[in-house]
Amino acid sequence: MGFARTCAVALVGVEGVVVEVQADLEPGVAAFTLVGLPDKSLTESRDRVRAAVVNSGAEWPQKKLTVGLSPASVPKGGSGFDLAVASAVLGAAERVDPRVLADIVMIGELGLDGRVRPVRGTLPAVLAAADAGYEQVVVPECAAAEASLVPGVSVLGIRSLRQLIAVLTDEPVPEEEPVEPGRPDPLLAGLRVPGAGAATCMHGSAATWDQGQGHDLADVVGQTSARTAVEVAAAGGHHLFLEGPPGAGKTMLAERLPSLLPALDRQESLEVTAVHSVAGLLPPGKPLVDTAPYCAPHHSATLQALVGGGPGVARPGAVSLAHRGVLFLDETPEFSSHALDALRQPLESGHVVIARSSGVVRFPARFLMVLAANPCPCGRFSLRDGSCDCPPSAVRRYQARLSGPLLDRVDLRVEADRVTRAELTAAGARGESTATVAARVRAARERAASRFEGTPWRTNSDIPGRELRSRWGAAPGAMDDAERSLERGVLTARGLDRVLRVAWTVADLVGHDRPQIADVALALQLRTGVPRGVPMDIGALT
């Protein structure tokens, strides 16, 4: 009787569980049994593994073979177990020393010819292996850069099962035939899911998006209030609602917001990369996402597309793909009301919990949300020329599609005015560039980080209301107007806390030690849209 074991990783959302893959050979009629709660794609690995072993020059054992995946209670799926199953079988057949396999985690899909293909979720799988104490990981060669992001783990990248057998048996490693220059490498096909990027309007890093497309904040004509709101949103991580007629520049402002956000630190980059790896959105040659992502789903997106889920294994939705970045919902009233109301929980908690009969999946979802909407179905309701043809009932129904509880979680609400001919054709200096505004945003975030040192919070939007009122209050008398708005019912208790958060962000941008009366007035104006007699330009407050 032959027995061998090695390890693989089963992904539950963006978290991994180390699975022990055991192979047992017994005398009897040749058969291959796979147990341990596998799904359909994993059950099919029996045929893939058998063909890959034979085509790699090894002999398939003609005995009763049983492969067990432990713990058996954890659901397992996907083709990422192929390499571990093949190695355990070769160890049980004594083609490879079983003792060498015991402490190695193997991740990869096998082709029928023995080539090792990449699978989604390599980074979270290696992170799970490192957390469990494993120090050696075998992955496909094209995914080795992604796996090497995890410190303290020795990564071996291979192109074929033949190479792995040679490495484990101390034999000369065979050279695989390289891909001809100019021809696509079929092994890279496993790194991306066809259509996933187009379905969510995912763009690459903010820097690449900005430089490659020439998107600069200076291109936005007019819109002083909206530009200020975008700057405040980037500095404090506040959610933003832009309302205005078509062509006013709402989408332009949202597309330029990611380039204002600071670069992600190491921990944030690993979080974002793990989500994109599971979703199959990591581009080849760029294993680490180090800038804020931007996700703009179409208004026909379903509830599952927005918050995650779907049939079978739950997949991350747009809110998770925008983790540590920007989620832009253009034409927000056209989204399903159920999908929009499902955003309330991740807006507050920073994560999404999806319950299934097989278990609960948790995806990170701490994003900056930007909503954009027209004032009415035709978009001309707020224009002074009275050209709107929508009846009052249609305007009310259109505006009521955004529920009060959802809008109450939005800190900034700004009306984008129609661009005039004079503004569009005026010659001379444009507005501030992205580089200038981004420098102020970085300075404001550094002030906030210094103030919150020693706490789990980093931006003003993260602070709980109780801590905000007790430890970081405004200057004496600065909140009087906001408190009167609370008494009149203009603001809710949550809204009052959010006004104070925005006031702290304005103070950080201006350079004040604590919010002053003008800072709170600007925060109230950005929250309610009611003029408070303060300039809407951050530079005018300094």
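Residues numbered from 1 in each chain as written. Predicted model: local features only at pLDDT ≥ 70, side-chain atom pairs only at ≥ 80, totals over all residues. Heavy atoms only, no water.

Right, let's talk about the overall build of the chain for a bit. Helix and strand counts for the chain stand at 25 helices and 16 strands. The principal-axis extent of the C-alpha atoms belonging to the chain is close to 85 × 50 × 45 Å. Split into buried and exposed, the 542 residues of the chain put 51% on the buried side. Here the analysis covers contacts within the chain between residues at least 6 apart in sequence; of these, 71% occur between residues at least 24 apart. (Helix = DSSP H or I, 4+ residues; strand = E, 2+ residues; numbered from the N terminus. Buried < 20%, exposed > 50% of the residue type's maximum accessible area, 1.4 Å probe, protein only. Contact = heavy atoms within 4.5 Å.)

Below, the discussion takes up the packing of helix 5 (residues 122-131) against helix 12 (residues 266-279). Running from N to C, helix 5 and helix 12 cross one another at 120 degrees; their axes reach a closest spacing of 7 Å. On the basis of their axis angle, the class for helix 5 and helix 12 is oblique. In this structure, helix 5 contributes Thr-122, Leu-123 and Pro-124 to the contact, and helix 12 contributes Leu-270, Thr-273, Ala-274, Ser-277 and Val-278. Its residues placed into classes, the contact of helix 5 with helix 12 shows five nonpolar, three polar and no charged. (Axes fitted to C-alpha atoms, helices over the stretch in contact; angles between N-to-C directions. Parallel < 35°, antiparallel > 145°, perpendicular 65-115°, else oblique. Nonpolar A, V, L, I, M, F, W, Y, C, P; charged D, E, K, R; others polar.)

Along the chain, the position of Gln-136 falls in strand 8 (residues 136-140). For Gln-136 and Pro-283, which are 147 residues apart along the polypeptide, the C-alpha to C-alpha distance reads 25 Å. Each residue touching Gln-136, except ones within four places of it in the same chain, is listed here: Asp-103, Ile-104, Val-105 and Ser-154.

Inspection of the secondary structure puts Ala-23 in strand 2 (residues 15-26). Judged by its relative accessible area of 0%, Ala-23 falls in the buried class. Through-space distance from the C-alpha of Ala-23 to that of Thr-33 is 9.8 Å; in sequence the pair is 10 residues apart. Not counting the four nearest positions on each side in its chain, Ala-23 is found in contact with Gly-2, Phe-3, Ala-4, Leu-65, Thr-66, Val-67, Ala-88, Val-89 and Ala-92.

This part covers the sheet that holds strand 12 (residues 326-329). Taken together, the five strands give an open sheet; going across it, the order is 11-12-15-10-16, and neighbouring strands pair in parallel fashion. The outermost strands of the open sheet, each flanked by one partner alone, are strand 11 (294-295) and strand 16 (412-415). Sheet topology places strand 12 next to strand 15 (residues 368-373); four bridges connect them, and they run parallel. Bridge assignment links Leu-327 to a residue of strand 15, and that residue is Met-369. (Pairing = 2+ DSSP bridges.)

This part is about the confidence of the model for the chain. Averaged over all residues, the pLDDT of the chain equals 87, while 91% of them reach at least 70. Counted against residues more than four places away or in other chains, residues 194-200, with its pLDDT under 50, gives eight contacts. Low confidence marks residues 204-212, where pLDDT is under 50. Its contacts with residues over four positions away, or in another chain, come to 14 contacts. (pLDDT = per-residue confidence, 0-100.)

All told, the structure shown has 28 salt bridges when counted by the stated rule. We note a salt bridge from Arg-5 to Glu-20, for which the minimum N-O separation is 3.0 Å. Of the two residues, Arg-5 is situated in strand 1 (residues 2-12) and Glu-20 in strand 2; the sequence distance between them amounts to 15 residues. You can call Arg-5 partly exposed: its relative accessible area is 32%. (Salt bridge = Lys/Arg side-chain N within 4 Å of Asp/Glu carboxyl O.)

Once that is clear, we can look at the packing of aromatic side chains. Think of a pair of aromatic rings as described by two things: how far the centres are apart, and how the planes are tilted against each other in angle. For the coordinates displayed, the defined rule picks out three aromatic pairs. Here the aromatic rings of Phe-32 and Trp-60 are separated by 5.6 Å at their centres, their planes lie at 45 degrees, and the arrangement is tilted. Residue Phe-32 is found in strand 3 (residues 31-35), and its partner Trp-60 is found in the loop between helix 2 (45-55) and strand 4 (64-70); the two are separated by 28 residues along the sequence. On the basis of an interplanar angle of 85 degrees and a centroid distance of 6.3 Å, the ring pair of Trp-457 and Trp-472 is categorised as edge-to-face. You can see Trp-457 sitting in the loop between helix 20 (434-451) and helix 21 (465-471) and its partner Trp-472 sitting in the loop between helix 21 and helix 22 (480-487), a full 15 residues away along the chain. Put simply, the rings of Phe-452, Trp-457 and Trp-472 pair up and form one aromatic cluster. Sitting over the face of the ring of Phe-452, Arg-451 holds its NZ or CZ atom 4.8 Å from the ring centroid. (Phe/Tyr/Trp six-rings, centres within 6.5 Å; stacked < 30°, edge-to-face > 60°. Lys NZ or Arg CZ within 6 Å of the ring centre and 35° of its normal.)

Applying the stated rule across the entire model yields zero disulfides. Take Cys-388: it sits in no disulfide, and the sulfur closest to it among the cysteines is that of Cys-376, at 3.6 Å. (Disulfide = S-S within 2.5 Å.)

Let's shift gears to helix 10 (residues 224-236). Compared with an ideal rise of 1.5 Å per residue, which puts 13 residues at 18 Å, helix 10 spans 19 Å between its outermost C-alpha atoms and is within 8% of the ideal. Within helix 10, 11 of the 13 residues are buried, leaving the element largely enclosed by the surrounding structure. Among all positions of helix 10, only Ala-226, Arg-227, Thr-228, Ala-229, Val-230, Glu-231, Val-232, Ala-233, Ala-234, Ala-235 and Gly-236 are buried. Within two residues after helix 10, Gly-237 carries a phi angle of roughly 70 degrees, on the positive side. (Expected span 1.5 Å × (residues − 1).)

We now examine the side chain of Thr-6. Mapped onto the secondary structure, Thr-6 falls in strand 1. Overall, Thr-6 belongs to the buried group, its relative accessible area being 1%. Here Ile-104 takes part through its backbone oxygen, which lies 3.0 Å from a polar atom of the side chain of Thr-6. Thr-6 has contacts with Val-19, Glu-20, Val-21, Ala-84, Ala-88, Leu-101, Ile-104 and Met-106, leaving out every residue within four places of it along the chain. (Polar contact = N/O pair within 3.5 Å; in protein donor to acceptor, adjacent residues only side chain to side chain.)

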